[in-house]
Amino acid sequence: MLTDMSMVTVVDQTVGGGRPPEAWRVAMKTAVRDAVQLCRMLALPPPHEDAAIRAAAAFPVFAPLSYIARMKPGDPHDPLLRQVLPQREELHASPAFTRDPVGDAAARRGPGWLQKYHGRALMITTGACAVHCRYCFRRHYPYQDSPRGLEQWRPALAQIAADPSLEEVIFSGGDPLTLPDPALAQLAAQLAAIPHVRRLRIHTRLPIVIPERVTPAAIAWLRGTRLTPILVVHANHPQELDAQVATALASLVDAGIPVLNQSVLLRGVNDDVETLAALSLRLLDCRVMPYYLHQLDRVAGAAHFETDVTRGLAIIAELRRRLPGYAVPRYVREEPGTAHKVLLG
Ligand SMILES: *Cc1c(COP(=O)(O)O)cnc(C)c1O
Ligand code: SF4
């Protein structure tokens, strides 16, 4: 993740020409960046200050106002709050929880991109996100090494062009949709000019966190490219999917863009059958297909979110009894060095 200041810079550089800034940029700018303020807004006592400050020093708080508005005031266990509020447990060292739990460093193929799986290149397009998820597996990723701007992407583009096995490119990060549409459209156009690239996948939490990000301009470049676009959003709890998010997702689906969802199994957020069943059903109401339920990656600072695989498997078994087959996400874990995500259930 980039710090607050670098995100402000991104916003300031790209708003120009006297036009009013787009709503999603305003939402980024006005996001809450302080644990004490976040608690005050929700009528909660401040977090244990010393621990919160030390946890936030390593990975700052970042939560947009519209996401906070979906939290229940006065509830310290709110499932959305738990995803963004630093806890003192983040400071407990746990040897199995490391800075690079999924082997990103070993999968690096060139500046700003990595490959773990056949045919799929993953570009770290930015370090910025629209929310800082405390359990993020890339919370310690060295984003400063990633390219910024088309010129710096040239070497990666040349490498992708030289490898005909790469049929799919994934924009990841960070969150690619924190970048301006013209920059994304330009990068997509460069990839579309490579004959063997067929699909462009976008891994993003923005349509969930700041639904205003689904602008006509975003839909235009997603639809306009020769590549098959696939959007993979990230929601963990049905309470994240309010009416405004549903409208944003509908405009993507109406435009013919396939939208899938991935979630992370998180203790105290969604580690129960009722929540995950409601999430799947709400996603289907939004015409979004449940894709993955990830076992937590063992990233330093996130041990308090871990749920046993045994419990995860029991939840999946019950979901299978209750829901249509297509509504049950694939329960997977990432194992560095394995040629695909490992199916747990
Ligand atoms: C998860 C992941 C993918 C995509 O995997 P799918 O199983 O195709 O969704 C691609 N590259 C990397 C590095 C990943 O971590
Ligand atoms: S949006 Fe994704 S990349 Fe960004 S902090 Fe959350 S989990 Fe990590």
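Use the structure listed above.
Cut-offs applied
- Residues numbered from 1 in each chain as written.
- Chains lettered and ligands numbered in written order.
- Predicted model: local features only at pLDDT ≥ 70, side-chain atom pairs only at ≥ 80, totals over all residues.
- Heavy atoms only, no water.
- Core = buried A, V, L, I, M, F, W, Y, C linked by side-chain atoms within 4.5 Å.
- Buried < 20%, exposed > 50% of the residue type's maximum accessible area, 1.4 Å probe, protein only.
- Contact = heavy atoms within 4.5 Å.
- Helix = DSSP H or I, 4+ residues; strand = E, 2+ residues; numbered from the N terminus.
- Expected span 1.5 Å × (residues − 1).
- Arc of directions from axis to C-beta.
- Near = heavy atom within 4 Å.
- 1 Å grid on protein atoms, 1.4 Å probe; cavity = no way out; pocket = protein on both sides within 12 Å on 5 of 7 lines; lining within 4 Å.
- Sits in = over half its atoms within 2 Å of the grid points.
- Nonpolar A, V, L, I, M, F, W, Y, C, P; charged D, E, K, R; others polar.
- Pairing = 2+ DSSP bridges.
- Points joined across faces, edges and corners; volume = space filled by probe spheres on them.
- Phe/Tyr/Trp six-rings, centres within 6.5 Å; stacked < 30°, edge-to-face > 60°.

Peer 1: Can you lay out the nonpolar core for me, pointing to particular residues and giving the numbers?
Peer 2: Membership of the largest hydrophobic core comes to 94 residues, with the highest contact counts inside it found for Ile 160, Leu 191 and Leu 249. The contacts of Leu 249, once residues within four sequence positions are left out, are Pro 207, Ile 208, Val 233, Leu 241, Val 259, Cys 286 and Val 288. Membership of the second largest hydrophobic core comes to 7 residues, among which are Leu 114, Leu 122, Ile 124 and Tyr 143.

Peer 1: Run through helix 8 (residues 181-192), naming residues and quoting values.
Peer 2: The first and last C-alpha atoms of helix 8 sit 16 Å apart over 12 residues, in line with the 16 Å expected at 1.5 Å per residue. Taken residue by residue, helix 8 has Asp 181, Leu 184, Leu 187, Ala 188, Leu 191 and Ala 192 as its buried positions. Take helix 8 and look down its axis: the buried residues cluster within an arc of 140°, on one side only. At its buried positions, helix 8 is contacted by strand 3 (120-124), helix 7 (150-161), strand 4 (168-172), strand 5 (199-203) and helix 10 (216-224).

Peer 1: I'd love a proper account of the site of ligand 1, names of residues and values included.
Peer 2: Around ligand 1 sit Leu 114, Lys 116, Tyr 117, Arg 120, Leu 122, Ile 170, Arg 201, Tyr 291, Tyr 292, Glu 334 and Lys 341, and that is every residue in its neighbourhood. Put simply, ligand 1 lies in the largest pocket. Looking at the shell around ligand 1, the elements that each hand over two or more residues are strand 2 (113-117), strand 3 and strand 8 (289-294). By residue class, the composition of the shell around ligand 1 is 6 nonpolar, no polar and 5 charged.

Peer 1: Which residues make up the environment of Ala 51, and what values do they have?
Peer 2: When you line up the elements, Ala 51 lands in helix 4 (residues 49-58). Every residue in contact with Ala 51, bar those within four places of it in the chain, is listed here: Arg 88 and Leu 91.

Peer 1: Which residues make up the sheet that holds strand 6 (residues 228-234), and what values do they have?
Peer 2: Spatially, 1-2-3-4-5-6-7-8-9-10 is the arrangement adopted by the 10 strands of the open sheet, whose pairing is mixed. Edge positions in the sheet fall to strand 1 (108-110) and strand 10 (342-343), since each of these pairs with one other strand and no more. As defined by bridge partners, strand 1 adjoins strand 2 across 2 bridges and the pair is classed as antiparallel. The partner of Arg 108 across the bridge, within strand 2, is Leu 114.

Peer 1: Any chance you could break down the layout of surface pockets for me, citing the residues and the numbers?
Peer 2: Of the volumes computed, that of the largest pocket is approximately 890 Å³. Along the wall of the largest pocket there are 42 residues; nearest its centre are Phe 137, Arg 138, Ser 172, His 203 and Gln 262. Listing elements by their share of the lining of the largest pocket, those giving two or more residues are strand 2, strand 3, strand 4, strand 5, strand 6, strand 7 (259-264) and strand 8. Ranked by residues supplied to the lining of the largest pocket, first place goes to strand 2 with 4 residues. Of the residues in the lining of the largest pocket, the class split is 19 nonpolar, 13 polar and 10 charged.

Peer 1: Give a detailed account of empty space enclosed by the protein, specifying residues and quantitative values.
Peer 2: Rolled over the atoms, a probe sized like a water molecule indicates the empty space that remains. Throughout the structure, instances matching the rule amount to 3 cavities of 30 Å³ or more. Its boundaries defined by the atoms lining it, the largest cavity holds a volume of some 70 Å³. Contributing elements (two or more residues each) for the lining of the largest cavity: strand 7, helix 12 (273-285) and strand 8. Residue classes in the lining of the largest cavity are distributed as 9 nonpolar, 3 polar and no charged.

Peer 1: Before we move on, could you go through the side chain of Arg 201 and cite the residues and values that matter?
Peer 2: Turning to its location among the elements, Arg 201 is positioned in strand 5. Residue classification places Arg 201 among the buried residues on the basis of a relative accessible area of 11%. Those residues in contact with Arg 201 that lie beyond four places of it in its chain are Arg 120, Glu 168, Val 169, Ile 170, Phe 171, Ile 230, Val 232 and Tyr 291.

Peer 1: I'd love a proper account of the packing of aromatic side chains, names of residues and values included.
Peer 2: Taken as a whole and assessed by the stated rule, the structure comprises 3 aromatic pairs. Relative to Phe 305, the ring of Tyr 135 has its centre 5.7 Å away and its plane inclined at 80°; by these criteria the two rings are edge-to-face. Placement of Tyr 135 in the loop between strand 3 and helix 7 and of Phe 305 in the loop between strand 8 and helix 13 (309-322) is noted, with a sequence separation of 170 residues between them. Of the two residues, Tyr 135 and Phe 305, neither departs from the other in class, the shared state being buried. Centre to centre, the rings of Tyr 291 and Tyr 292 are 3.9 Å apart; their planes meet at 25°, and the pair counts as stacked. The exposure class of Tyr 291 is buried, given its relative accessible area of 16%.

Peer 1: Could you give me a rundown of helix 7, with the residues and numbers involved?
Peer 2: For helix 7, the full list of buried residues reads Leu 150, Trp 153, Ala 156, Leu 157 and Ile 160. Viewed end-on, helix 7 has its buried residues packed into an arc of 110°, placing them on one side of the element. Packing partners of the buried residues in helix 7 comprise strand 2, strand 3, strand 4 and helix 8.

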